[in-house]
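# A look at the structure
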Amino acid sequence: MAHIPHVASFFLFLTKLSLGQREVTVQKGPLFRAAGYPISIGCNVTGHQGPAEQHFQWSVYLPKAPTQEVQIVSTKDATFSYAVYAQRVRSRGIYVERVRGNSVFLHISELQPKDSGEYECHTPNTDERYYGNYSAKTRLIVIPDTLSATMSPQTLCKEEGESLELTCEASKATAQHTHLSVTWYLMQDGERNQTTKIISLSKDFMLIPGPSYTERFAAGDVQLSKLGVATFRLSIGRLQPSDQGQLFCEATEWIQDPDETWTLITRKRTAQTALRIQPTVRDFQVNISAESTFTTGKSLELVCLVVGSGRDPQLQGVWFFNGNEMARMDAGGVLDLKGDYRQRASQGQLQVSKLTPKAFSLKIFSAGPEDEGAYRCAVAEMARAQMGSWQVLQSKQSPDSHVHLRKPAARNVVLATKNQQQAVWEGEALTLLCKADGAESPLSVEWWHLPQGQKQPELVAGMQQDGTVQLGASYKELNNQGSTRLEKTDWATFQLEISSTSTTDSGMYECRVSEGTRNQARGRSWTQKLAVTVKSLESSLWVKLMSRQPKVELAKTFGLSCIVEADYANLRVPLTMTWLFQPARSQVFHPLVRITHNGTIEWGDFLSQFQKKTKVLQSSFHSQLLIHDATEEEAGVYQCKVEVYVRNSLCTSGPVRASAVSHSLMIAITLPESKLQVNSSSQVQEILINSNTNIECSILSRSTGDLQLAVIWYFSPSSTKATWLKILQIDKNNVVKYGDEFHTLRRKQKFYPEKVSQDLFQLHVLNMEDSDQGKYHCAVEEWLLSTNGTWLKLGEKKSGLTELKLRSTGSKVRVSKGYKTENATEHGEVAIHCSLESSGSSASLFSVMWYQNRENSGRKMLVHLQHDGLLEYGEEGLRSHLHCYRSSPTDFVLKLHRVEMEDAGLYWCRVTEWQLHGSPSKWVNQASDESQHMMLTVLPSVSIDDPWTKCWTR
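Conventions adopted
Residues numbered from 1 in each chain as written. Predicted model: local features only at pLDDT ≥ 70, side-chain atom pairs only at ≥ 80, totals over all residues. Heavy atoms only, no water. Helix = DSSP H or I, 4+ residues; strand = E, 2+ residues; numbered from the N terminus. Rg over C-alpha atoms; globule rule 2.2 N^0.38 Å. Buried < 20%, exposed > 50% of the residue type's maximum accessible area, 1.4 Å probe, protein only. Contact = heavy atoms within 4.5 Å. Areas by Shrake-Rupley, 256 points an atom, 1.4 Å probe, with all protein chains shown as cover. Lys, Arg positive; Asp, Glu negative; His and termini not counted. Charge placed at Lys NZ, Arg CZ, Asp CG, Glu CD. Pairing = 2+ DSSP bridges. Phe/Tyr/Trp six-rings, centres within 6.5 Å; stacked < 30°, edge-to-face > 60°. Lys NZ or Arg CZ within 6 Å of the ring centre and 35° of its normal. Disulfide = S-S within 2.5 Å. Axes fitted to C-alpha atoms, helices over the stretch in contact; angles between N-to-C directions. Core = buried A, V, L, I, M, F, W, Y, C linked by side-chain atoms within 4.5 Å.

What follows concerns the overall build of the chain. Looking only at helices and strands, the chain features 8 helices and 73 strands. The C-alpha radius of gyration computed for the chain amounts to 50 Å, which surpasses the reference 30 Å derived for 954 residues by more than 25%, pointing to a less compact arrangement than a globule. In terms of overall dimensions, the chain has a C-alpha envelope of 160 × 95 × 60 Å along the principal axes. Buried positions account for 44% of the 954 residues belonging to the chain. Within the chain, counting contacts between residues at least 6 apart in sequence, those at least 24 apart form 61% of the total. Taken as a whole, the chain presents about 50,800 Å² of accessible surface, with 49% of it coming from carbon and sulfur. Side-chain charges in the chain split into 101 positive and 100 negative, and the spacing between the mean points of these groups amounts to 2 Å.

In structure tokens:
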């Protein structure tokens, strides 16, 4: 049975316990594992006192005796195991691995069906007193191994470039929910213990090629297809010699544990298919590249080039001189030199090498007359035979290349840049080569520079015949860091290098080569000029800021990309990128994070949470800012600033050579769209007086996520044209708050809410009476708690109306509707009357409520004369100002003492009939009616100095 390595995913540090409270935790179960395969169960203890290294004891409660403890293994007592487990513990089939002093794993290397049960991890007490829990349990269920993987063994012979298809059958019959992964492997001949992954279908149903097959997978040459329920087909479009070997398929079964990690529980391999591949012979041609003449003492190089053949062929090269073999390099790179060529190579005068897979080089460093003649090369394509030897597939020879000794000629000077480019970027190195030909003799050189816009050249550097170098006056000052160097690479080649250029280095360069010293008046000299341009980094720098999400939902992730566009992007110049942020309703940009040219990340201190929730991805000319769990604080304007340095700034800390700031990009943080829907249908309920009823508020749909609801109940009485009154509110924290007019104890007892389920709320109305008639509805609000602790209102919906009516009992109160006006004098008294058209039943009692509506203060209740004669005032201060009483069976009076000007306004009464009902009997509101409004006008009192008043007082 194949061993399955255990990957620990057991993290127990979930709760911080107070000092001294012991807590033992084990891996959450149930854990399903296959018989014959291993398992590891983690156990951890925290909050303990005593030594740091704690002891652990493992026991099991088997299904046949669920209350009986069976001891398995202990870190403290070697004799702890019961006999049924003793042999497996001694043979290390079961053992405990200590991870830390307070954490262990119980390992069972090969599960048996009888191992199912409830496993308990116990830690002996080392504390001063018992406090906490000292053991924890988890459930293990051992299930059968149902995985199978089959493929018929066979031997296949293919030619290189042909296609291949192989299928294997892999299935499982596990009762639990498991996933299957399938992988194809290649085991090359001679490497029995090493396998190469070709391609796999992961447990997450993703195709993943092996490292050696990634490019071929991307090109579509390697594929893995699932045919039906249990058939997996491997397809290779164009076979290569490296595909030869033994191929097989491996199936692996995975299960997801309660902690949401996937664990391997079974694995099976199929039989192997032997694949033999015959390489394809490819035609090719052989040519020699060489100069037809050479100079005595100079180097001579010939290159043997192969044109055609396949990709990365195994080639052997042989060099011939005047028909005789001089050197041989086999396909494995082993060199064999003939005759005196071996001695010349040992003295460093000759070198035979392989420049590329299809190019062989023969180089003679100091050629002489003996090297003049005909050269030829022969190339053979080789293939490795079964026993490891090489076999020739085909062989070709080049035509003869005749090389002649060059006769001395007139001297000439050639001036060029090292890379053949006369334009470089600021900060790049500029290397100029000045080469003289002709007979070898002592030479000296001077380099001159004529900057753009100037007429007088400057001396850059000079080298005398003895190698002494002298820098020009202006270049000495700039050369303290070695930026200008003059070297002699051979007797006639002079190299001038400016390691870090600036735009002032543009202009015309002149090389003057002289024979003899400066003191020799007749010494000959030659000169050559070359124009060079140093391009400014600043001139072609542009920064672009992009985002796919200008509007981002709260708590979502959004990203910004800063792309640097420049003509010198291939130079890999050092640059620093800084992300800037301007909050909403602000005019100032603040630095968020700076990625310096030497790789250091520096976080700004403007928003402290940015570093914890932000990820920065950086490449040469691209920076990406990912901000997770977006809040309102991240809404605003973003910019990206780029600073470019020259290449050697990493070592010299040079100044910024170019900088640019991107355009501004506004990011808005939006609330998620509300999905809240509330039942909007209306209904009418007829209720018997003094009975109870419920009004429902039903939620049809709601938004997903961590949301809370607030429910508000409203009431509009039938007796008035008043606006909606708030009865009560259940806020987002489930706290009940009553409205201003429903804050009395009697109102709270009559109306109370209930949350029946997550989507159903009810308002209970008890002891239905006439004043409860009217229309009711609820308003539901969705609230979202942002990560910064602020509640945000996501949406609001209103329900349909529910109208409550009293079912008729035959009783009806009628108040006289005649319109009245009344005048009163300031500081005097006035009586306002309210009359019934009939005295009603002898079994009835009546209560009356007086109301006033003033122009500036609105409607208010003044006084309530209850059916039992008790007086209740709307405000305590009214007790001395007014009085209410019943003057006859049909008349009610409201008397105002010491009338004031502000008492002017509308007055009316509401009379309610009460009768005894039920057993035990209680007074119940039967019906009520309101009077017509009466206008009270208050006249100002007359002054004592009024002559009319004096007349009357006499």
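Here we come to the sheet that holds strand S60 (residues 760–765). Taken in spatial order, the 4 strands of this open sheet run S53-S55-S60-S59, and their pairing is antiparallel. Because the sheet does not close on itself, it has two edges, and the strands there are strand S53 (677–678) and strand S59 (751–757). Direction of pairing for S53 relative to strand S55 (residues 693–701): antiparallel, over a ladder of 2 bridges. Bridge pairing in S55 links Gln-677 to Ser-701.

In this section: the packing of aromatic side chains. Counting across every chain of the model gives 10 aromatic pairs. With centroids separated by 5.6 Å and ring planes inclined at 15°, the aromatic side chains of Tyr-851 and Trp-908 adopt a geometry described as stacked. On the criterion of sequence distance, the pair formed by Tyr-851 in strand S66 (residues 845–854) and Trp-908 in strand S71 (residues 905–917) is long-range, its members being 57 residues apart. Each member of the pair, Tyr-851 as well as Trp-908, is classed as buried. Within the aromatic cluster, the residues linked to one another by ring pairs are Phe-715, Phe-742, Phe-751 and Tyr-776. The aromatic ring of Phe-284 is capped on one face by Lys-396, whose charged end is 5.5 Å from the ring centroid.

Attention now moves to the state of the cysteines. Counted by the stated rule, this structure contains 7 disulfides. Each sulfur of the disulfide joining Cys-43 and Cys-121 lies 2.0 Å from the other. The S-S bond linking Cys-43 to Cys-121 shows a torsion near -80°; that makes this disulfide left-handed. On the criterion of sequence distance, the pair formed by Cys-43 in strand S3 (residues 39–46) and Cys-121 in strand S8 (residues 117–122) is long-range, its members being 78 residues apart. Residue classification places Cys-121 among the buried positions, given a relative accessible area of 0%. Shown here is the disulfide that connects Cys-168 with Cys-249, its sulfur atoms set 2.3 Å apart. One end of the pair, Cys-168, is in strand S12 (residues 164–171); the other, Cys-249, is in strand S18 (residues 245–256), and 81 residues separate them in sequence. Accessibility assignment for this pair places Cys-168 and Cys-249 in one class, buried.

In this section: the sheet that holds strand S23 (residues 300–308). Neighbouring strands of a sheet are bound in pairs by backbone hydrogen bonds; such pairs are parallel or else antiparallel. Spatially, 4 strands are ordered S21-S23-S28-S27 in an open sheet, and the strand pairing comes out antiparallel. Because the sheet does not close on itself, it has two edges, and the strands there are strand S21 (284–290) and strand S27 (350–356). For this sheet, the mean inter-axis angle between neighbouring strands, taken without regard to orientation, is 20°. Here S27 pairs with strand S28 (residues 359–364) via 6 bridges, running antiparallel. In the strand pairing of S28, Leu-350 is matched with Ile-364.

Judged by nonpolar contacts, the single largest core of 42 residues is most densely connected at Tyr-568, Trp-579, Tyr-638, Val-642 and Val-644. Setting aside anything within four residues of it in sequence, one finds Val-644 in contact with Leu-537, Leu-541, Tyr-568, Val-573, Pro-574, Leu-575, Val-656, Arg-657 and Ala-658.

Right, let's talk about the pairing of strand S34 (residues 430–436) for a bit. Most of S34 is tucked away, with 5 of its 7 residues classed as buried. Sheet topology note: the S34/strand S39 (residues 493–498) ladder contains 6 bridges and is antiparallel. Its bridge partner being in S39, Cys-434 is matched across the sheet by Phe-494.

Attention now goes to the environment of Ser-540. Summarising the element assignment, Ser-540 is placed in the loop between strand S41 (525–535) and strand S42 (542–546). A residue is classified by how much of its surface remains accessible, and Ser-540, at 16% relative accessible area, is buried. Residues Ser-540 and Glu-565 lie 25 residues apart in sequence; the distance between their C-alpha atoms is 7.9 Å. Setting aside residues no more than four positions away along its own chain, Ser-540 makes contact with Trp-425, Glu-565, Ala-566, Asp-567 and Tyr-568.

In this section: helix H1 (residues 83–90). Along H1, the residues that are buried comprise Tyr-85, Ala-86, Arg-88 and Val-89. Downstream of H1 by a residue or two, Arg-92 has a phi angle that is positive, lying close to 65°.

Bringing the environment of His-777 into the picture now. Looking at where His-777 falls in the secondary structure, it is placed in strand S61 (residues 774–785). Linking His-777 and Thr-501, residues 276 residues apart in sequence, is a C-alpha distance of 80 Å.

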